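# Descriptive analysis of the structure
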Amino acid sequence: MTGAGDLLVSVRSLAADLANDPGPVLLDVRWQLGGPPGIDSYRRGHLPTAVFTDLDRVLAGPPGPGGRHPLPEPAIFQAAMRAAGVRQDRAVVVYDDGDATIAARGWWTLRYYGHQNVQVLDGGYQAWLRAGLAVTQAEPGPAPGDFTARPGHMPVLDAAGAQATALTGRLLDARSGERYRGETEPVDSVAGHIPGAVSAPTAGNVNADGTFASAAELAARFAALGVTGVGTGVGAYCGSGVTAAHEVLALALAGVPAALYVGSWSNWVADPARPIATGD
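Rules and cut-offs
Residues numbered from 1 in each chain as written. Predicted model: local features only at pLDDT ≥ 70, side-chain atom pairs only at ≥ 80, totals over all residues. Heavy atoms only, no water. Helix = DSSP H or I, 4+ residues; strand = E, 2+ residues; numbered from the N terminus. Rg over C-alpha atoms; globule rule 2.2 N^0.38 Å. Buried < 20%, exposed > 50% of the residue type's maximum accessible area, 1.4 Å probe, protein only. Contact = heavy atoms within 4.5 Å. Lys, Arg positive; Asp, Glu negative; His and termini not counted. Charge placed at Lys NZ, Arg CZ, Asp CG, Glu CD. Axes fitted to C-alpha atoms, helices over the stretch in contact; angles between N-to-C directions. Parallel < 35°, antiparallel > 145°, perpendicular 65-115°, else oblique. Nonpolar A, V, L, I, M, F, W, Y, C, P; charged D, E, K, R; others polar. Arc of directions from axis to C-beta. Pairing = 2+ DSSP bridges. Core = buried A, V, L, I, M, F, W, Y, C linked by side-chain atoms within 4.5 Å.

## A look at the overall build of the chain
A count of helices and strands for the chain gives ten helices and ten strands. For 280 residues, the compact-globule estimate of 2.2 N^0.38 gives 19 Å, and the chain sits close to it at 18 Å. With the C-alpha coordinates of the chain rotated into their principal frame, the extents come out at 50 × 40 × 30 Å. Taking all 280 residues of the chain together, 53% fall into the buried category. Across the chain, every contact between residues at least 6 apart in sequence was considered, and the portion connecting residues at least 24 apart equals 75%. Here the chain holds 19 positive side-chain charges and 26 negative ones, and the gap between their average locations is 2 Å.

Written as structure tokens, this is what we have:
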């Protein structure tokens, strides 16, 4: 499969790949903050052969002091991926409803646990529909996969690492500007941002149709935010480590490696001693 930096795949390329046997494993990770459950959307229609993969139960562990969406336990993630048919030697494509804010977490988690051939469907389910391609309500029964979850293949930050990155490199806050400034906080107990972090909402990574901006456009965007290249330590966080994975993917498309603060703001504010900034 081809795509920008081999990280994205277009709907037309994916349709062609699915005509091969075996084609890529498809994971449907649709999810919305506050619901309705993604499984409902999946059952109404999904890409042929796609297996539903739940963000809360598979792509994250139970919420707690580590954040609302901490890393899943390796054994739990491995079992879920094997049940979905994921194999070490078979490509995986992850999609959500449109702008990849959830799909990127699926991409990142698979990469973190050692799968080397994972792509995000650019534009997601909505792009598939716009292209007039077939969907189904049939739920597949894939043959069990052999994926082995081996953690540590993507860089991560804890709270101390995020604070250090904000001071000595560039820590990007992927939430909306309103949440960054502390004007509103719909989920977590405290509003604001990590001192020294730079506001970089994920909406700025995509076009109006939910597809990613070009690599050159993304590179220009991040350069304007002070991300000057590989020599600068770069990290990303959001509310709970989901949309920040979208930032990491966008940075990768721009040629910049970045670490994910998985616990993100929900972990940061769990310790009242940690400093909080508001405003611009």
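Picking up where we left off.
## Re the environment of Val11
Within the secondary structure, Val11 is located in helix H1 (residues 11-18). Distance from Val11 to Asp122, taken between C-alpha atoms, is 7.1 Å for residues 111 residues apart in sequence. Here Val11 is in contact with Leu121, Asp122, Gly124, Ala127, Trp128, Ala131 and Leu133, once residues within four sequence places are set aside.

## So, the packing of helix H4 (residues 103-112) against helix H9 (residues 243-253)
Axis separation between H4 and H9 bottoms out at 7 Å; the angle between their running directions is 75 degrees. In terms of their interaxial angle, H4 and H9 are classed as roughly perpendicular. For the pair H4 and H9, contact is made by Ala104, Arg105, Trp107 and Trp108 and by Ala245, His246, Val248 and Leu249, respectively. For the contact of H4 with H9, the per-class residue count stands at six nonpolar, one polar and one charged.

## Some thoughts on the environment of Ala252
With respect to the element layout, Ala252 can be found in helix H9. On a C-alpha basis, the gap between Ala252 and Leu129 in space is 27 Å, while along the polypeptide they are 123 residues apart.

## Remarks on helix H3 (residues 74-83)
Every buried residue of H3 is accounted for by Phe77, Gln78 and Met81. Looking straight down H3, one finds that the buried residues subtend no more than 100 degrees of arc, so they occupy a single side. Structural note: H3 exposes Ala75 and Ala83 on the side pointing more than 90 degrees away from its buried face. If you follow the buried residues of H3, they end up packed against strand S2 (25-28) and H4. Positive backbone phi, approximately 90 degrees, marks Gly85, located one or two places after H3.

## Section: the sheet that holds strand S4 (residues 92-95)
The sheet built from five strands is open, its strands ordered S1-S5-S4-S2-S3 with parallel pairing. The two strands at the open ends of the sheet, each matched to only one other strand, are strand S1 (8-9) and strand S3 (51-52). Where H4 meets the sheet, it contacts S2, S4 and strand S5 (118-121), and its direction lies at approximately 180 degrees from that of S5.

## What to know about the pairing of strand S7 (residues 170-173)
Sheet topology places S7 next to strand S9 (residues 234-237); four bridges connect them, and they run parallel. Counterpart to Leu172 in the pairing with S9 is Ala236. In this structure, S7 lies alongside strand S8 (residues 198-199), joined through two bridges in parallel fashion. If you follow Leu172 over to S8, its bridge partner there is Val198.

## Regarding the sheet that holds strand S10 (residues 259-261)
Strand pairing in a sheet takes place through backbone hydrogen bonds and is either antiparallel or parallel in direction. Spatially, five strands are ordered S6-S10-S9-S7-S8 in an open sheet, and the strand pairing comes out parallel. If you trace the sheet from one side to the other, it starts and ends with strand S6 (156-157) and S8, each paired once.

## What about helix H8 (residues 215-224)?
Note that an α-helix has 3.6 residues per turn; residues three or four places apart therefore point the same way. Those residues of H8 that sit buried are Leu218, Arg221 and Phe222. Burial along H8 is one-sided: seen end-on, the buried residues are contained in an arc of 90 degrees. Of the exposed residues in H8, those oriented more than 90 degrees away from the buried face are Ala216 and Ala224. Of the surrounding secondary structure, the elements contacted by the buried residues of H8 are S7 and H9. Where H8 ends, the next residue or the one after it, Gly226, has phi of about 95 degrees, a positive value.

## Side note on the nonpolar core
Leu27 and Leu110 are the most contacted members of the largest nonpolar core, which has 56 residues in total. Only S2, H3, S4, H4, S5, H8, S9 and H9 provide two or more residues apiece to this core. Sorting elements by how many residues they give to this core places H9 first, with seven residues. Listed in part, the 15 residues of the second largest apolar core include Tyr42, Leu47, Tyr125 and Ala127.

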